[in-house]
Amino acid sequence: MRLATLTCGGDCPGLNAVIRGIVRTASSEYGSTVVGYLDGWSGLLKDRRIDLYDDAFIDSILLRGGTILGTGRLHPDKFKAGLDTIKRNLDDAGIDALIAIGGEGTLKGAKWLSDNGVHVVGVPKTIDNDVAATDYTFGFDTAVSVATDAIDRLHTTAESHNRILIVEVMGRHVGWIALHAGMAGGAHYTVIPEEPFDIAEICKAMERRFQMGEKYGIIVVAEGAVPKEGTMDAGLGEEDEFGHVTFNGMGQIIADEIKNRLGYDVRTTVLGHIQRGGTPTAYDRVLATRYGINAARAAHEGKFDTCVALHGEDIELVSLESAVAHLKQVPESRYRSARTMFG
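Residues numbered from 1 in each chain as written. Predicted model: local features only at pLDDT ≥ 70, side-chain atom pairs only at ≥ 80, totals over all residues. Heavy atoms only, no water.

Take the side chain of Arg 276 next. Residue placement: Arg 276 occurs in the loop between strand E9 (266-270) and helix H11 (282-300). Those residues in contact with Arg 276 that lie beyond four places of it in its chain are Gly 10, Asp 11, Cys 12, Pro 13, Ile 127 and Met 170. (Helix = DSSP H or I, 4+ residues; strand = E, 2+ residues; numbered from the N terminus. Contact = heavy atoms within 4.5 Å.)

This is how it looks when you write it as structure tokens:
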């Protein structure tokens, strides 16, 4: 059998571990070969591919962040218009099945290819942990660890200078990184997209800290957080070609509002792509490797139109349709539990 794989969307710690798991499993268990398409769907359209061998190089990539195949995004219209080209390129390369590694958008593309006759197995990838069909996605643990380390460090400087420090983390539509990092790092308030915030409540919590002698505060803000209607002005930016809103820096908007209302010294740290980069944690390496192993096995067993998923301690297969049915958002009960630690 001859497999192909590619990585799409944003880079994510653990991608190389998945690739390694696919290649080594295909080779050692089935004697199969693997092709890697470069730079995501665009590489598949342009037939830019390399052979991946079970050698010392593949063995070494476990420790590396990013992806050796490169990644990128392709507009859905261009992707769908290239169906015939995609099929021809796969046929020319002798590909029996494609393993697509990516987030919600990638898995939707994989589902569309499957509906149009391509043998596809999906691997969920996102630091946001927003794929509903799986308990956790690899990359999430690394992102939370990076954010938590930053919060730990900011506690001391905030306390030394009697400041309120805003830490803006990734989370366009969901607040899993903010929720976990805020709780792990002992933040005094956490703001997530699922629960519109009231700036007056945040100010009250910070003012109470200062009145009680705790002369500093840490607030974690997910980039996609929004205020309650009518509470403050925080206009959104324009949409890019993929329909993603370009954010105006909600962390800084909240910081400015607190400073204007309370007069405290407020500073903002935006972690941005730091959360995506670097060496994956041990948890993410193990999860990503298990995803790669099980995706390769699913392809060899002819279990197409599926996606690997973590359920409890087990890796199972779910339908691609269920994998992209909806985003996994933070439940209100989880946020309510976190609120117990605010202030």
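Our next topic: the sheet that holds strand E7 (residues 189-191). Read across the open sheet, the 4 strands follow the order E7-E8-E6-E9; overall the sheet is parallel. The outermost strands of the open sheet, each flanked by one partner alone, are E7 and E9. When the angles between neighbouring strand axes are averaged without regard to direction, this sheet yields 20°. Pairing of strand E6 (residues 164-169) with strand E8 (residues 217-222), which is carried by 6 bridges, proceeds in the parallel orientation. Bridge pairing in E8 places Ile 164 opposite Gly 217. Together, E6, E8 and E9 form the strand contacts of helix H7 (residues 140-161), whose direction differs from that of E6 by roughly 170°. In the packing of helix H8 (residues 176-184) onto the sheet, contacts are made with E6, E7 and E8, and the angle to E7 comes to roughly 170°. (Pairing = 2+ DSSP bridges. Axes fitted to C-alpha atoms, helices over the stretch in contact; angles between N-to-C directions.)

Before going further, it helps to spend a moment on the nonpolar core. Formed by 85 residues in total, the largest nonpolar core has its most connected members in Phe 138, Ile 219 and Ile 258. Broken down by element, the residue count for this core peaks at 8 residues, all from H7. Lining this core are residues from two domains, each supplying at least three of them: domain 1 (2-126 + 280-324) and domain 2 (140-277). Excluding residues that lie within four positions of it along the chain, Ile 219 makes contacts with Ile 164, Leu 165, Ile 166, Val 167, Tyr 189, Val 191, Ile 202, Met 206 and Ile 258. (Core = buried A, V, L, I, M, F, W, Y, C linked by side-chain atoms within 4.5 Å. Buried < 20%, exposed > 50% of the residue type's maximum accessible area, 1.4 Å probe, protein only. Domains from an automatic or database assignment.)

For helix H9 (residues 199-211), which comprises 13 residues, the first-to-last C-alpha distance of 18 Å matches the rise-based estimate of 18 Å (1.5 Å per residue) to within 8%. Taken together, the buried positions of H9 are Ile 199, Ile 202, Cys 203, Ala 205, Met 206, Arg 209 and Phe 210. Take H9 and look down its axis: the buried residues cluster within an arc of 160°, on one side only. Turned more than 90 degrees away from the buried face of H9 sit Lys 204 and Gln 211, all of them exposed. Its buried side turned inward, H9 meets E6, E7, E8 and helix H10 (250-262). Gly 213 sits one or two residues past H9 and shows a positive phi near 100°. (Expected span 1.5 Å × (residues − 1). Arc of directions from axis to C-beta.)

We note that the domain assignment places domain 1 (2-126 + 280-324) and domain 2 (140-277) within the protein. Of note, the centres of domain 1 and domain 2, computed from C-alpha atoms alone, are 34 Å apart. If you look at the interface, domain 1 gives 13 residues, while domain 2 gives 10 residues. Buried area between domain 1 and domain 2, both sides added, is near 900 Å², and the carbon and sulfur share of it is 53%. The tally of links from domain 1 across to domain 2 stands at 0 salt bridges. One can count 5 residue pairs in polar contact (both at pLDDT 80 or more) joining domain 1 with domain 2. Grouping the constituent residues of the side of domain 1 that touches domain 2 by class yields 6 nonpolar, 4 polar and 3 charged. (Buried area = accessible area lost by both parts, 1.4 Å probe. Salt bridge = Lys/Arg side-chain N within 4 Å of Asp/Glu carboxyl O. Polar contact = N/O pair within 3.5 Å; in protein donor to acceptor, adjacent residues only side chain to side chain. Nonpolar A, V, L, I, M, F, W, Y, C, P; charged D, E, K, R; others polar.)

Before going further, it helps to examine the packing of aromatic side chains. Tallied over the entire structure, the rule returns 8 aromatic pairs. Pairing Tyr 136 with Tyr 283 gives two aromatic rings, centres 6.4 Å apart and planes at 80°, and the pair type is edge-to-face. Highlighted residues: Tyr 136 in the loop between strand E5 (120-124) and H7 and Tyr 283 in helix H11, separated in sequence by 147 residues. Owing to a relative accessible area of 31%, Tyr 136 belongs among the partly exposed residues under this scheme. (Phe/Tyr/Trp six-rings, centres within 6.5 Å; stacked < 30°, edge-to-face > 60°.)

Its location among the elements puts Leu 262 in helix H10. Using a relative accessible area of 21% as the deciding quantity, one classes Leu 262 as partly exposed. Discounting chain neighbours no more than four positions away, the residues touching Leu 262 are Cys 203, Met 206 and Glu 207.

Under the definition given, this model contains 18 salt bridges. When the shortest N-O distance is used, the salt bridge between Arg 339 and Glu 201 registers 3.5 Å. Residue Arg 339 is found in helix H13 (residues 332-339), and its partner Glu 201 is found in helix H9; the two are separated by 138 residues along the sequence. Glu 301 is the partner of Lys 303 in a salt bridge, and the nearest nitrogen-oxygen pair spans 3.0 Å. Take Glu 301: its relative accessible area is 47%, and that puts it in the partly exposed class. A single salt-bridge network, built from bridges that share partners, covers Arg 20, Arg 24, Asp 54 and Asp 59.

Turn by turn, an α-helix covers 3.6 residues, leaving residues three or four places apart pointing in a common direction. For helix H1 (residues 15-30), spanning 16 residues, the distance from its first C-alpha to its last is 22 Å, which sits close to the expected 22 Å at 1.5 Å a residue. All of the buried residues along H1 are Leu 15, Asn 16, Ala 17, Val 18, Ile 19, Arg 20, Gly 21, Ile 22, Val 23, Thr 25 and Ala 26. Backbone geometry just downstream of H1 places Gly 31 in the positive-phi region, at approximately 65°.

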